[in-house]
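Spelled out from the first residue to the last, the chains are:
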Amino acid sequence: MAYTTLIVDRKDDGIAVITVNRPDKLNALNAQVIGELDAAIAELDADASVRGLIVTGSGEKAFVAGADISELAKATPIEARALALRGQRVFDRLERFRGPVIAAVNGFALGGGCELALACHIRIASDNARLGTPEVKLGLICGYGGTQRLPRLVGRGRALEILLSGEMVGAEEALRIGLVNRVVAKEALLNEAMGLMKKMLANAPLSLQYAIDAVNAGLDMSFEDAQDHEATLFGVLASTSDMAEGTSAFLEKRPAKFVGK
Ligand code: COA
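As the structure is a prediction and not an experimental result, all values here were calculated from the model.

> Can you help me understand helix H3 (residues 77-95) in this one?
Given 3.6 residues per helical turn, the α-helix brings residues three or four places apart onto the same face. An ideal rise of 1.5 Å per residue puts 27 Å on 19 residues; H3 measures up with 27 Å between its terminal C-alpha atoms. Within the span of H3, buried status applies to Ala84, Gly87, Val90, Phe91, Leu94 and Glu95. When H3 is viewed along its axis, its buried side chains cluster within an angular range of 145° and face the same direction. Opposite its buried face, H3 presents the exposed residues Ile78 and Arg81, each directed more than 90 degrees away.

Next up, the structure:
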């Protein structure tokens, strides 16, 4: 599919890079971007050659500076609710992608942009990145899952400080509180994300898929149910040829060759 607000680039080794591409509006998420993100995630999910996603923003300044405020300003209550539900569904789909999803946070990640980064499995930030949820300064709150994902990631107290102050958190502080996994020089950001992705993709594909599922699904279950789900996935993996290959390769002291079955 042709996209006008995204650049979707299938790289070598099963990695696809989605770049939100409205640099003149700091990559703000209008309805078209959200619709195209939805379509791109579905398209890449259906493409077995794609095993991992990197999400980033176009230009020097911003990852994504939020939902598009010019659209929000006109929304009726009914429309605003529908907008939030739509964004939540798209970000949920990203979070449930069958392979790893890394946010390469290359500048401002505010509001919906911060929520987009939160829906990715791993966040790597450039040293100039600034993250935050300034919706309270607009008379709003997060509407794309941020009030739920942020406390799950950094804890209730730190999440509420970010959500209630609306202040931006710099890259180093974001690293300290666990909001991002790594901080690198901005020139090195995409290489760092590609390098980490390649390391992860060297592992058994179904193991990656099930580890993501165990974490995602488990966080919404009781500890007991989540462990039961983990055990089921563990059992299913024991039926795969990749498990036979991985364990044999270890015992035979050779590198494993995984096929994703
Ligand atoms: N929605 C719509 N347009 C946005 C936007 C958003 N969330 N964020 C930035 N833009 C637009 C600006 O309106 C401006 O457009 P213009 O050139 O047509 O006037 C352009 O992007 C550049 O932004 P500008 O504000 O001039 O850049 P800056 O460097 O002075 O400030 C920010 C950068 C990120 C601090 C500032 O743009 C900002 O506060 N953005 C809104 C952040 C926000 O509240 N996000 C949550 C939304 S729910």
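> I would appreciate a short explanation of unusual backbone geometry in the present structure.
Of note, the phi angle at asparagine 27 is positive, near 60°, even though the residue is not glycine. The class for asparagine 27 is buried, based on a relative accessible area of 0%. Non-glycine residue lysine 253 carries a positive phi angle of around 55°. Take lysine 253: its relative accessible area is 78%, and that puts it in the exposed class.

> Any chance you could explain helix H4 (residues 112-119) here in plain terms?
The buried fraction of H4 amounts to eight of the eight residues, a majority that puts the element mostly inside the structure. Where H4 is concerned, the buried positions are Gly112, Gly113, Cys114, Glu115, Leu116, Ala117, Leu118 and Ala119.

> What exactly am I supposed to notice about the site of the ligand here?
Around the ligand sit 17 residues, and of these Lys25, Lys61, Ala65, Ala67 and Ile69 come closest. The contact in question runs from an oxygen atom of the ligand to an N or O atom on the backbone of aspartate 24, over 3.5 Å. One of the side-chain N or O atoms of lysine 25 is found 2.5 Å from an oxygen atom in the ligand. Here the ligand loses 60% of its free accessible area of 860 Å² to cover by the protein chains.

> Before we go on, may I ask you to explain the pattern of salt bridges in this structure?
Following the criterion strictly, the structure yields 18 salt bridges and no others. Ionic pairing is found between glutamate 60 and lysine 186, a salt bridge with its closest N-O pair at 3.4 Å. Taken as a pair, glutamate 60 in the loop between strand E3 (52-57) and strand E4 (62-64) and lysine 186 in the loop between strand E10 (182-184) and helix H8 (189-201) lie far apart in primary sequence, 126 residues in all. We classify lysine 186 as partly exposed; its relative accessible area is 38%. A salt bridge links arginine 254 to glutamate 245; its shortest N-O distance comes to 2.8 Å. Judged by relative accessible area, which is 32%, arginine 254 ranks as partly exposed.

What counts, and where the lines are drawn
The numbers attached to residues start from 1 for each chain and follow its sequence in the written order. Reporting of local features is limited, given that this is a predicted model, to residues whose pLDDT is at least 70; pairs of side-chain atoms are given and counted only at 80 or more, and all residues count toward the totals for whole chains, interfaces and linings. By convention in this description, side-chain values take in all heavy atoms of the structure and omit both hydrogens and water. Numbering of helices and strands runs from the N terminus; a helix is a DSSP stretch of H or I covering at least four residues, while a strand is a stretch of E covering at least two. Any helix carries an expected span of 1.5 Å times its number of residues minus one. Here's how the labels work: a residue is buried when its accessible area is under 20% of the maximum for its type, exposed when over 50%, partly exposed in between, all with a 1.4 Å probe on protein chains only. Directions drawn from the helix axis to the C-beta atoms are what define this arc. Think of it this way: one heavy atom of a residue within 4 Å of a molecule or strand is enough to make that residue near it. Definition of a polar contact: a pair of N or O atoms within 3.5 Å, with one able to donate and the other able to accept a hydrogen when the atoms are protein atoms, and with sequence-neighbouring residues admitted only if both atoms are side-chain atoms. The Shrake-Rupley method, run with a 1.4 Å probe, gives the accessible areas here. Residue values count only the displayed protein chains as cover. Here a salt bridge means any side-chain nitrogen of Lys or Arg lying within 4 Å of a carboxyl oxygen belonging to Asp or Glu.

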